[in-house]
Amino acid sequence: MTKYWSKMVKRATPYVPGKQMDGENILKLNTNENPYPPSPNVFQAIEKELKTSLQLYPSPTVQPLRKAVGQLYDVPEDYVFIGNGSDEVLAFSFMAFFEPGERIVFPKITYSFYEVYATLFNIPYEQVTLNRDFTIPIEKMFQADGGVIFPNPNAPTSLYMSLDLITEVVEQNPHKVVIIDEAYIDFAKESAVKLVHKYDNLLIIQTTSKSRALAGLRVGFAIGQPQLIEALVRIKDSMNSYTIDRLAIVGAEAAINDISYTKQSIEKIIQTREWASEKLREMGFSVLPSQTNFLFAEHYLHDGLTLQQKLQAKNVLIRHFNVEPIHNYLRITIGTDKQMEQFFNKLQKAMEQM
Ligand SMILES: *Cc1c(COP(=O)(O)O)cnc(C)c1O
């Protein structure tokens, strides 16, 4: 059956996303989606666009969304690249900046898509073992052969790295691109975007999927100096000039421009995160200090996989990764206060059955 497959297809080991189970009674805390809807302006903008211009191709340069992202971070438009979800921006970045034969570096415990892309594009990689407290030993990412990529905050550990340490990683890789995947940065202390003015080898990637509640619209972006952005544009325009459709452009623009709504929704999630981590601690979990919209926690007594399975039997989805040294940990997306109360009820029951 596979006789017509290219070597690339044979080599591919596709990413496995968290389950998307639909159903009324599912409490879905497994893919770090936002529990709140996007800004109401998003619906208005999409409706308007829907009624007027679907017969026309969208803007190949993704105006006016680039402008909105530029204004958000106070960078010129030519510092901004827009992609169909940050996963696409990441894939293009691997093609644009990393080279077969030159080893890139990323943490051993991190977003598993990096390994998927590296394998697909034939880029050798080294996975840096985390410190015992799950922080990233930055010195192991110095002078990387082919470049560096990691999320900040890291996933699934939820831990944030300070801009001083990020600066060091960037300075210690003067000839290669350092990519910081800031998927969760809006729930954390501060973005590294401001460093792009000083460092021409730094690329920041963000998404509208988490803090702006637009996982279903598929819009991510990169910020970096124009040379880097131009490389991404060259890759995109060699594959598909129109990766972002008209509805996504106006929807994401409306979300990005509604700063007060985004801020409110982030603040609510952070508040819930703080009481939920306290509650988990009271129940015997050790919880890493999260700067994301999820918690990463381990029970001192109960096995992580068993807990996850028992919760799944009760229609509660959370994520478990069957790898060392995190096989006992659970990743729990922050829902609304009400969802978290339901979660704790079910968790209590699951633990009573063990
Ligand atoms: C969610 C996530 C992404 C993907 O975001 P999309 O924009 O929805 O493709 C990228 N990186 C990390 C670390 C994530 O958690």
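Not measured: the values here are computed from a predicted model. (Residues numbered from 1 in each chain as written. Predicted model: local features only at pLDDT ≥ 70, side-chain atom pairs only at ≥ 80, totals over all residues. Heavy atoms only, no water.)

**Re the sheet that holds strand β10 (residues 294-299)**
Logical step 1: The strand order across the open sheet built from four strands is β9-β10-β13-β12, with neighbouring strands paired in antiparallel fashion. Two strands in the sheet have a free side with no partner beyond their single neighbour: β9 (285-287) and β12 (319-320).
Logical step 2: In this sheet, strand β13 (residues 329-333) lies alongside β12 in antiparallel orientation, the contact comprising two bridges. Along β13, the bridge assignment pairs R319 with R331.
Logical step 3: Set on the sheet, helix α11 (residues 337-352) makes contact with β9, β10 and β13; between it and β13 the angle comes to about 155 degrees. (Pairing = 2+ DSSP bridges. Helix = DSSP H or I, 4+ residues; strand = E, 2+ residues; numbered from the N terminus. Contact = heavy atoms within 4.5 Å. Axes fitted to C-alpha atoms, helices over the stretch in contact; angles between N-to-C directions.)

**A few points about the site of the ligand**
Logical step 1: All residues in the neighbourhood of the ligand are listed as G85, S86, D87, Y111, D181, A183, Y184, T207, S209, K210 and R218.
Logical step 2: Within the backbone of D87, an N or O atom sits 3.0 Å from an oxygen atom of the ligand.
Logical step 3: Within the contact set of the ligand, an oxygen atom lies 3.0 Å away from a side-chain nitrogen or oxygen of K210.
Logical step 4: Protein contacts shield 92% of the accessible area of the ligand, which totals 380 Å² for the unbound molecule.
Logical step 5: For the ligand, the cavity whose grid points lie within 2 Å of the majority of its atoms is the largest pocket.
Logical step 6: Broken down by element, the residue count for the shell around the ligand peaks at three residues, all from helix α4 (residues 85-97).
Logical step 7: Looking at side-chain class alone, the shell around the ligand contains three nonpolar, four polar and four charged residues. (Near = heavy atom within 4 Å. Polar contact = N/O pair within 3.5 Å; in protein donor to acceptor, adjacent residues only side chain to side chain. Areas by Shrake-Rupley, 256 points an atom, 1.4 Å probe, with all protein chains shown as cover. 1 Å grid on protein atoms, 1.4 Å probe; cavity = no way out; pocket = protein on both sides within 12 Å on 5 of 7 lines; lining within 4 Å. Sits in = over half its atoms within 2 Å of the grid points. Nonpolar A, V, L, I, M, F, W, Y, C, P; charged D, E, K, R; others polar.)

**A word on the packing of aromatic side chains**
Logical step 1: Considering all chains together, one arrives at 17 aromatic pairs under this definition.
Logical step 2: Ring geometry for F94 versus F98: centroids 5.0 Å apart, planes at 80 degrees, classification edge-to-face. In this pair, the class of F94 matches that of F98, namely buried.
Logical step 3: Their ring planes at 85 degrees and their centres at 5.6 Å tell us that Y111 and Y114 sit as a pair that is edge-to-face.
Logical step 4: For Y114, a relative accessible area of 0% puts it in the buried group.
Logical step 5: Three or more aromatic residues joined by ring pairs make a cluster, and in this case those are Y15, F94, F98, F106, Y111, F113, Y114, Y117, F121 and Y125.
Logical step 6: Geometry around Y36 places K268 over its ring, the cationic atom sitting 4.2 Å from the centre.
Logical step 7: Its end group placed over the ring of F294, R331 keeps NZ or CZ at 5.7 Å from the ring centre. (Phe/Tyr/Trp six-rings, centres within 6.5 Å; stacked < 30°, edge-to-face > 60°. Buried < 20%, exposed > 50% of the residue type's maximum accessible area, 1.4 Å probe, protein only. Lys NZ or Arg CZ within 6 Å of the ring centre and 35° of its normal.)

**Brief notes about the domain arrangement of the protein chain**
Logical step 1: As far as domains go, the protein chain holds domain 1 (7-37 + 260-352) and domain 2 (40-258).
Logical step 2: Inter-centroid distance (C-alpha atoms) of domain 1 to domain 2 is 24 Å.
Logical step 3: Across the boundary between the two partners, domain 1 contributes 35 residues, which contact 31 residues of domain 2.
Logical step 4: Carbon and sulfur atoms make up 66% of the surface buried where domain 1 meets domain 2, a total of about 2700 Å² over both sides.
Logical step 5: Taken as a group, R11, Y15 and Q291 account for 25% of the area that domain 1 buries against domain 2, more than any other trio of residues on that side.
Logical step 6: Seen at the junction of domain 1 and domain 2, the total is zero salt bridges.
Logical step 7: Scanning the region where domain 1 abuts domain 2 turns up 11 residue pairs in polar contact (both at pLDDT 80 or more).
Logical step 8: Where the side of domain 1 that touches domain 2 is concerned, the elements lending two or more residues are α1 (7-11), α9 (259-282), β10 and β13. (Domains from an automatic or database assignment. Buried area = accessible area lost by both parts, 1.4 Å probe. Salt bridge = Lys/Arg side-chain N within 4 Å of Asp/Glu carboxyl O.)

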